[in-house]
Amino acid sequence: MKSGKKLAAILTAACCLASLFVFPSFAEDEEAVTIEYENLRELLLEGNQSLKDSTDTYFTNLENYQSLIAAMTDERDFMKLKAKQYEDDDETSSQYSQNAANLTNSISQLTKQLGRATSTSGFLSTDKTIDSYVMSAQTIMNSYNQMLLNYNAEVKTAAAAEATYHTAMLQYSSGAATEADLNNALNSMIQEQNQLESYQIQVESLKNSLLTMLGIDAGTEVVIGIIPDLDIEAIESIDLAADLEKAVGNNSSVQSARHTNAYTASDRSTKAHNEAVAEGTVRADLTDSYEQLMAELKEYEAACDAYTAAKISYESLQRKKSAGMLTEAEYLTGEAEWLQAVASRETAAMDLSQAYDSYQWEVKGV
């Protein structure tokens, strides 16, 4: 019993910390820095020293890309580690795995840019470098918002687990529950507390990564905005054939192959071959991005259907609560399930936004 009370106290403290973290209050004389999805480019140009240095010569060396790839890889590897750690929890493991996949996609695009630079002049224009930083910042901000959303939902789930454990203790004391029932409730509460802590750590890690990338001091008060609403109409109206031609025209490897001097028949043959390979790679990559985008669209539609069903259940839950038909534990459990459904839909929306952004960056040759 003592250990149970101690864990409950820890959980309560964590929930209090959660409310402080999600709804920070700033001193009147402090002005928080607002980070919005739409102003990431501006913030990067203002605060990222590597980008500010590179604009002096209009060309930047490969160290920028290497540092970006290293930072994204660290975050990706940590996501993979958490996915493996929670492999017995399908929903949680899936959340970490999806974020790892988003980061992997950005790493892949950055690596392609690095390869293009290495195979040509060894340098890339500042415009391309800035685009790569913006893309990376978008990925980190997207992952941050997803983790924060799941963290907020987990606060309610953890509270429900605590209430269930308290109910189990009362039932055990009165002989209405077995020791096994009590232990199951305790283990569930501990599991949810651990999950809450894991989400909190990841939220802080992603926040710090974003601030570092933007050149904002870790001690600065910030307000991180949400991911913009989806433009489903724009996604559904994509013209893949037209975008394939744009992507080919914007790709630096294709441009390099096309502008290579060819003085002999052998040179011309080699040039034609290299150009065909470069174009084929671009077309294959963009087609893969398009297929991934369409898969995410289906996932989003499924999440919306699940959300609609959950909303009906939640409305029923509210009616039962008003009628005094629910215990605190039952109500908190139902509310937690509703918040998880909301989180699932919003997470699917952000995954779709990430896939759409990645597709657009591919078209632009980033």
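Residues numbered from 1 in each chain as written. Predicted model: local features only at pLDDT ≥ 70, side-chain atom pairs only at ≥ 80, totals over all residues. Heavy atoms only, no water.

A. Representation of the overall build of the chain. Looking only at helices and strands, the chain features 12 helices and four strands. Evaluated residue by residue, the chain yields a buried proportion of 44% over its 366 residues. A fraction of 85% describes how many contacts in the chain between residues 6 or more apart in sequence connect residues 24 or more apart. Carbon and sulfur atoms make up 52% of the accessible area of the chain, which totals about 18600 Å². (Helix = DSSP H or I, 4+ residues; strand = E, 2+ residues; numbered from the N terminus. Buried < 20%, exposed > 50% of the residue type's maximum accessible area, 1.4 Å probe, protein only. Contact = heavy atoms within 4.5 Å. Areas by Shrake-Rupley, 256 points an atom, 1.4 Å probe, with all protein chains shown as cover.)

B. Just the layout of surface pockets, in detail. Taken as a whole, the second largest pocket encloses approximately 510 Å³ of empty space. In terms of lining residues, the second largest pocket is bounded by 24 residues, among which E91, S94, Q95, N150 and S344 are the most central. Within the residue set of the lining of the second largest pocket, elements represented by two or more residues are α5 (90-119), α6 (126-173), α7 (179-214), α11 (265-322) and α12 (328-363). Per element, the largest residue contribution to the lining of the second largest pocket is six residues, and it comes from α12. Each residue belonging to the lining of the second largest pocket can be placed in one class, and the counts come to six nonpolar, 11 polar and seven charged. (1 Å grid on protein atoms, 1.4 Å probe; cavity = no way out; pocket = protein on both sides within 12 Å on 5 of 7 lines; lining within 4 Å. Points joined across faces, edges and corners; volume = space filled by probe spheres on them. Nonpolar A, V, L, I, M, F, W, Y, C, P; charged D, E, K, R; others polar.)

C. Quick peek at the pattern of salt bridges. Across all of its chains, the model carries eight salt bridges by this definition. Note that E245 and R283 form a salt bridge whose closest N and O atoms lie 3.0 Å from each other. Residue E245 is located in helix α9 (residues 240-250), and its partner R283 is located in helix α11; the two are separated by 38 residues in the primary sequence. The partner of R258 in a salt bridge is E275, and the shortest N-O contact between them spans 3.2 Å. Here the residue R258 occupies a position in helix α10 (residues 252-258), and E275 occupies one in helix α11, the gap between them amounting to 17 residues. (Salt bridge = Lys/Arg side-chain N within 4 Å of Asp/Glu carboxyl O.)

D. Highlighting the side chain of Q138. As for its position among the elements, Q138 is in helix α6. When its relative accessible area of 11% is taken as the criterion, Q138 is described as buried. Each residue touching Q138, except ones within four places of it in the same chain, is listed here: Y37, L40, Q354, D357 and W361.

E. Fine view of the nonpolar core. Judged by nonpolar contacts, the single largest core of 46 residues is most densely connected at I35, L44, M141, L210 and L214. In terms of residue count, α6 provides more of this core than any other element does, 13 residues in total. Excluding residues that lie within four positions of it along the chain, L214 makes contacts with I35, L40, L43, L44, G47 and N48. Residues L244, A247, L297 and A349 belong to the second largest nonpolar core, which totals 19 residues. (Core = buried A, V, L, I, M, F, W, Y, C linked by side-chain atoms within 4.5 Å.)

F. Spotlight on α11. A rise of 1.5 Å per residue sets the reference length of α11, with its 58 residues, at 86 Å; its end C-alpha atoms lie 84 Å apart and thus fit the reference within 8%. In the segment just after α11, G324 is the residue with positive phi, at about 70°. (Expected span 1.5 Å × (residues − 1).)

G. Seen up close, the packing of aromatic side chains. Inspection of every chain in the model, using the stated rule, returns five aromatic pairs. Ring centres of Y86 and Y96 lie 6.2 Å apart, and the angle between their planes is 20°; this geometry places the pair in the stacked category. Here Y86, found in the loop between α4 (63-85) and α5, pairs with Y96, found in helix α5; they are 10 residues apart in sequence, far enough to count as distant. Judged by relative accessible area, which is 11%, Y86 ranks as buried. Look at Y314 and W338: their rings are 4.8 Å apart centre to centre, the planes differ by 10°, and that puts the pair in the stacked class. (Phe/Tyr/Trp six-rings, centres within 6.5 Å; stacked < 30°, edge-to-face > 60°.)

H. Representation of the packing of α11 against α12 within the structure. Remark: α11 packs on α12, axes separated minimally by 8 Å, with the N-to-C direction vectors making an angle of 160°. Here α12 runs roughly antiparallel to α11, going by the angle between their axes. Both α11 and α12 take part in a crossing whose hand is left-handed. Residues belonging to the contact of α11 with α12 are distributed by class as follows: 22 nonpolar, four polar and 10 charged. (Axes fitted to C-alpha atoms, helices over the stretch in contact; angles between N-to-C directions. Parallel < 35°, antiparallel > 145°, perpendicular 65-115°, else oblique. Left-handed = near helix turned anticlockwise from the far one by under 90°.)

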